[in-house]
Amino acid sequence: VTAPNAQGAGPQSTEASATPATAPSAPRNITATAGNAHVNLSWIAPLSDGGTPVTGYNVYRGTSAGGEVLVASIGDVLSYTDPSLTNGQTYYYYVRAVNVMGVGASSNEANATPATTPSAPLGLTASPGSTQIILTWSAPASNGGSSLTGYNLYRGTSPGGESFLIGLGDVLTYTSTGLTNGQTYYYYVRAVNGVGEGAPSSEASATPAT
C-alpha cells in the first residue's frame with residue numbers, strides 16, 4: 001500500500017501475501033471391518049483440502065446411528081484401528097479431515113460388530129446303548145458376539161485321538177450310531193459361529209454294549 005497526500009503517493013509498504021482457504025471437504029468411502037474386540041477403519045482423502053494441506057483426521061464413534069462422539073484425533077493417515085471394544089456390540093463411525101482452518105465435513109457413516117469364535121460347549125456327556133452312544137451338551141457361555149450356527153463333533157478310539165466326525169446344526173444332542181459293542185469311543189464338540197469354530201468341550205467317553 002501507499003499513502004497519498006497533496007504532493008503525491010508516498011513509498012510502498014512492505015509486501016504481504018495470503019492464500020484464501022477453508023476447512024477440507026468430507027473424507028470418502030469410509031469402511032469398517034470387524035475383528036476380535038476391535039474395528040479396522042479405512043477411508044479415502046477428501047476431494048478438496050480447502051486450500052491448505054490436511055494435517056490429520058478426527059474419528060467419531062457411537063453405539064447408535066447418528067450418535068457418534070469424538071474418540072481419536074490422528075495424523076494424516078487413511079486408516080485407524082479402534083481397540084478394546086465389546087464383541088457383539090455394533091459400533092458406528094464417521095471421520096472428518098482437519099487443516100489449519102479447522103475441522104471439515106463428515107464422511108459417510110459406517111458400522112461393524114466385533115466378534116470372535118465361541119467359547120467351549122459345556123457339560124458334554126456320553127450315554128452308551130447297543131451299537132450307539134447318545135451325546136448331550138449345553139451351549140457355550142459365550143457365542144463370541146456372533147450367533148451360533150451349529151456344532152462340529154469329533155470322535156476317536158483313544159483319549160485325545162479324536163478327528164472330525166460330523167457338522168451339526170444348532171442342536172444340543174446327537175446319537176452316534178453304527179458303533180462296535182465293547183469298544184470305547186471318545187468325543188468332544190466345538191461350537192461354530194459366523195467367525196469360525198470355537199474351543200473344544202471337555203472330553204467324554206462311553207462303551208456301547210448289549
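Above this text sits the structure in question.
All figures in this text were calculated on a predicted structure; none of them were measured in a lab.

**Here's the deal with the overall build of the protein**
Along the protein, the regular secondary structure elements total 0 helices and 18 strands. Computed over the C-alpha atoms, the radius of gyration of the protein is 31 Å, more than 25% above the 17 Å expected from 2.2 N^0.38 for a compact globule of 210 residues. C-alpha extents for the protein along the principal axes are approximately 125 × 30 × 20 Å. Among the 210 residues that make up the protein, the fraction classed as buried is 35%. When contacts within the protein are restricted to residue pairs at least 6 apart in sequence, those whose partners lie at least 24 apart make up 61%.

**What about the pattern of salt bridges?**
Within the structure shown, the criterion is met by 2 salt bridges. A salt bridge links Arg190 to Glu197; the nearest nitrogen and oxygen atoms lie 3.7 Å apart. Note on Glu197: relative accessible area 31%, which makes it partly exposed.

**Quick look at the sheet that holds strand E3 (residues 28-34)**
Read from one edge of the open sheet, 3 strands run E3-E4-E7, paired in antiparallel fashion. The outermost strands of the open sheet, each flanked by one partner alone, are E3 and strand E7 (79-82). On average, each strand axis in the sheet is tilted by 15° relative to the strand beside it, whichever way the strands run. Note: E3 against strand E4 (residues 39-44), 5 bridges, orientation antiparallel. Bridging from a neighbouring strand, Ala32 pairs with Leu41 of E4.

**Here we look at unusual backbone geometry**
Unlike most non-glycine residues, Ser84 shows phi in positive territory, near 55°. When you line up the elements, Ser84 lands in the loop between E7 and strand E8 (91-99). Phi is positive for Thr131, which is not a glycine, with a value near 55°. Locating Thr131 in the fold gives a position in the loop between strand E11 (122-129) and strand E12 (132-138). Here Thr131 falls in the partly exposed class, since its relative accessible area comes to 34%.

**With respect to the packing of aromatic side chains**
Geometrically, a pair of aromatic rings is defined through the distance of the ring centres and the angle of the planes. Applying the stated criterion across every chain yields a total of 5 aromatic pairs. Ring geometry for Trp137 and Tyr151: centres 5.5 Å apart, planes at 65°, overall edge-to-face. With Trp137 in strand E12 and Tyr151 in strand E13 (residues 148-156), this pair connects stretches of sequence that are 14 residues apart. An aromatic cluster is present here, built from Tyr154, Phe164 and Tyr188 joined pairwise through their rings. We note Arg96 situated over the ring of Tyr60; from NZ or CZ to the ring centre the distance is 5.3 Å. One Lys or Arg, Arg190, reaches over the ring of Tyr154 and ends 5.7 Å from the middle of that ring.

**Brief notes about the sheet that holds strand E15 (residues 173-177)**
Read from one edge to the other, the open sheet built from 3 strands follows the order E11-E12-E15, with strand pairing classed as antiparallel. Sheet topology places E11 and E15 at the edges, where each strand pairs with a single neighbour. The sheet shows a mean angle of 20° between the axes of neighbouring strands, taken without regard to direction. As paired elements, E12 and E15 share 5 bridges and run antiparallel to each other. Paired with Gln132 across the strands is Thr177, a residue of E15.

**Regarding the nonpolar core**
Membership of the largest hydrophobic core comes to 18 residues, with the highest contact counts inside it found for Val39, Leu41, Trp43, Val59, Ile74, Tyr80 and Tyr93. Taken together, the elements giving at least two residues each to this core come down to E3, E4, strand E5 (56-62), strand E6 (69-74), E8 and strand E10 (110-112). No other element matches E8, which puts 4 residues into this core. In contact with Tyr80, other than residues within four places in its own chain, are Val39, Asn40, Leu41, Trp43, Val59, Ala72 and Ile74.

Cut-offs and rules
Starting afresh in each chain, residues are numbered from 1 along the sequence in its written order. pLDDT decides what is reported in this predicted model: residues at 70 or higher carry local features, side-chain atom pairs at 80 or more are listed and counted, and totals for whole chains, interfaces and linings draw on all residues regardless. The side-chain numbers reported here are obtained from all heavy atoms of the structure, hydrogens and water having been left aside. Secondary structure follows DSSP: runs of H or I at least 4 residues long count as helices, runs of E at least 2 residues long count as strands, and numbering of each begins at the N terminus. In this treatment the radius of gyration is a C-alpha quantity, and the globule benchmark scales as 2.2 Å times the residue count to the 0.38 power. Buried, partly exposed and exposed residues are distinguished by accessible area as a fraction of the type maximum, computed with a 1.4 Å probe on protein chains only: under 20%, between the cut-offs, and over 50%, respectively. The criterion used for residue contact is that any of the two residues' heavy atoms lie within 4.5 Å. Within this document, salt bridges are pairs made up of a side-chain nitrogen of Lys or Arg and a carboxyl oxygen of Asp or Glu, the two lying within 4 Å of each other. When DSSP locates at least two bridges between a pair of strands, those strands are taken to pair. The axes are straight lines fitted to the C-alpha atoms, using for helices just the contacting stretch, and the angles between their N-to-C directions are given from 0 to 180°. Two rings from Phe, Tyr or Trp (for Trp, the six-membered ring) form a pair when their centres sit within 6.5 Å of each other. Planes less than 30 degrees apart are called stacked, planes more than 60 degrees apart edge-to-face, and all others tilted. Charge-over-ring placement is defined geometrically: NZ (Lys) or CZ (Arg) within 6 Å of the ring centre, and within 35 degrees of the ring normal. In this text, buried Ala, Val, Leu, Ile, Met, Phe, Trp, Tyr and Cys residues form a nonpolar core when linked through side-chain atoms within 4.5 Å.

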